[in-house]
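Notes for the structure review
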Amino acid sequence: MTSDLTRRQLYELIWSHEMPQVAEHLGISEWQIRQICENHRVPLPTAAFWRDRAAGKKAKQAIFTSTMDGTLEVITLSGSKPIAPLPIAKPAPIRPPAAPMHELPRKARPSDVAWVTVAQPHHTLLAVAKELRTKKPDDHGVVIVGGETIPYTSIGLPSVERVIFVLDKIFRDLETRGIGIKLSRQWFTATRGDESVDFRLSEKVAKLKHVPTDYELQQEARRLRSGGENYSWYWSKAYPEFDYLLTGTLKLSMSLWGSHGSRLDWQDRKTFSLEDQVDDIVIAFEKRLEADRLRKIERERERRLSLRADENQRLAEQRRKREDERDALIAEIVLLQAKARDLSAWIDWAAPIEDSETKRMLEWARKRLASIERAVNPARFGDWLREKKLFPEVDPFAPLPEDPDFEEA
């Protein structure tokens, strides 16, 4: 006849009854019990333990430790008779495993600001508060809300009214400072002017190693007997690797965007709660918005300075181009004057010549000289320069002040 026993049950049995009683109870020999304990890593009591216990002294008992090997947790016995009743723990009944997420015991925190149920939340908070209060918690006792105008929020049921109280106080304090609140799918957003700060409120969750129940160990043993893997890259056992436990600790977090070293989160502490920190949170929001506003002004000023520098560079290029044109004009005038002198001297030299071909050339040369003299005639020189527009009265290419903010109108 076979029967199953867990390591925990065998441990409690051999540490609460002496070996002969346990052997008779299980229908096997003491040697077999010792062998089973050795194979399944169950600590055995020593003779000194029983002597101290018989003498009424405090006997030192070895601590029971669980294993991650499902093949060790369930023991199959083949005895000569059914297990007789003894005052020991009975095998756990077959039942669905308990929900992995539950709430840790809450520690009382000293607080200067005690939260109360808010009968009439801030108008911006009404939809969120209604959703938190009416939404049924999931199997783990967590209330999860979200929507187009309701930021995603995951809170343990006992913390719902605290969350509403904290948000309501933050909203009202921000409003007194001229700061508005907007809601979106992901964030609560504090806004003033063009500046905004995103934040959310959540409950911290503790990640603890899962301690399997007797039922889960039996399920894992069955899985292994049916050919399930014991070693895998992925967790494939009959019970979860970790438990995620609600702690009751509230945490408010700012978004990271544009933080520039400012504080990003506040949470319950041992000596003060989140409610005590609402004033600090509101002041931090105001400072963050003001800092963002000043940074925006500074960025805009840097943009104007950059544009002015680019404009002055363009004007400088135009001035260099104009100087080249002026140099070319001077060179042309000097060349024309020299040409006029040389041409006039040649005309004087060739005038006595009576050759008809020479006379025709002289006629052309006199016309050319007249044209050059008109170009360099001091009486008409100003009109010629104005035509070129190289020396205007108001210089369109004059450099502008480097700082546009101090430029005179």
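All chains use their own residue numbering, which begins from 1 and follows the written sequence. pLDDT decides what is reported in this predicted model: residues at 70 or higher carry local features, side-chain atom pairs at 80 or more are listed and counted, and totals for whole chains, interfaces and linings draw on all residues regardless. Working from all heavy atoms in the structure, the side-chain values ignore hydrogens and water.

1. Remarks on the packing of aromatic side chains
Pairing of aromatic side chains here covers Phe, Tyr and the six-membered ring of Trp, requires ring centres within 6.5 Å, and sorts the geometry by plane angle: under 30 degrees stacked, over 60 edge-to-face, intermediate tilted. Throughout the structure, instances matching the rule amount to 6 aromatic pairs. Plain terms: the ring middles of W15 and F49 are 4.8 Å apart, the flat faces sit at 80° to each other, and that makes the pair edge-to-face. With W15 in helix 1 (residues 7-16) and F49 in helix 4 (residues 47-54), the pair connects residues that are 34 residues apart, well separated along the chain. F49 carries the same exposure label as W15, and that label is buried. Measuring from ring centre to ring centre gives 5.1 Å for F49 and W50, while their planes differ by 80°; the resulting arrangement is edge-to-face. With respect to burial, F49 and W50 carry one shared label: buried. Put simply, the rings of Y11, W15, F49 and W50 touch in pairs and so form one group of aromatic residues. Definition used: whenever NZ (Lys) or CZ (Arg) falls within 6 Å of the ring centre and also within 35 degrees of the ring normal, the charge is taken to sit over that ring. Stacked on the ring of F242, the Lys or Arg K209 has its end atom at 5.0 Å from the ring centre. Comment: elements are numbered from the N terminus, with helices defined as DSSP H or I runs of at least four residues and strands as E runs of at least two. Exposure classes here rest on a 1.4 Å probe applied to the protein chains alone. A residue is buried below 20% of its type maximum, exposed above 50%, and partly exposed in between.

2. A closer look at the sheet that holds strand 5 (residues 180-183)
Strands pair in a sheet through their backbones, by hydrogen bonds, and they do so in one of two ways: parallel or antiparallel. In this description, strands pair whenever DSSP reports at least two bridges between them. Strand order in the open sheet made by the 5 strands is 5-6-7-8-9, with antiparallel pairing throughout. Unpaired on one side and paired on the other, strand 5 and strand 9 (265-267) mark the two borders of the sheet. Between one strand axis and the next, the sheet turns through 35° on average, direction left out of account. Looking at chain direction, strand 8 (residues 242-254) and strand 9 are connected through 3 bridges and run antiparallel. Here an angle of 0 to 180 degrees is reported between the N-to-C directions of two axes, which are lines fitted to C-alpha atoms, with helices fitted over the stretch in contact.

3. Describing the side chain of S273
Mapped onto the elements, S273 comes out in the loop between strand 9 and helix 9 (278-350). Think of a polar contact as two N or O atoms within 3.5 Å of one another; within protein, one of them needs to be a possible hydrogen donor and the other a possible acceptor, and neighboring residues in sequence only count if both atoms come from side chains. At a separation of 2.9 Å, a polar atom in the side chain of S273 contacts the side chain of E275.

4. A short note on the confidence of the model for the protein chain
What pLDDT reports is the predictor's confidence in each residue, on a scale of 0 through 100. Overall, the predicted model of the protein chain reaches an average pLDDT of 84, with 87% of residues at or above 70. Mean pLDDT across the elements of the protein chain ranges from a minimum in helix 5 (residues 70-73), with 74, to a maximum in helix 7 (residues 160-176), with 95.

5. A look at the packing of helix 1 against helix 2 (residues 19-26)
Their axes nearest at 8 Å, the elements helix 1 and helix 2 cross at an angle of 135°. Between helix 1 and helix 2, the interaxial angle falls into the category oblique. Mapping the contact onto sequence places L10, L13 and I14 in helix 1 and V22, H25 and L26 in helix 2. All residues other than Ala, Val, Leu, Ile, Met, Phe, Trp, Tyr, Cys, Pro, Asp, Glu, Lys and Arg, Gly among them, are scored as polar; the first ten of these are nonpolar and the last four charged. Taken together, the residues of the contact of helix 1 with helix 2 break down into 5 nonpolar, 1 polar and no charged. Convention used here: angles under 35 degrees read as roughly parallel, angles over 145 as roughly antiparallel, angles from 65 to 115 as roughly perpendicular, and any remaining angle as oblique. Residue contacts follow a heavy-atom distance rule, with two residues in contact if any of their heavy atoms lie within 4.5 Å.

6. What to know about the environment of R368
Its place among the elements puts R368 in helix 10 (residues 356-375). Residue class for R368 comes out partly exposed when judged on its relative accessible area of 30%. Between the C-alpha atoms of R368 and L343, which are 25 residues apart in sequence, the distance is 8.6 Å. With residues up to four places along the chain from it excluded, the contact list for R368 reads K339 and L343.

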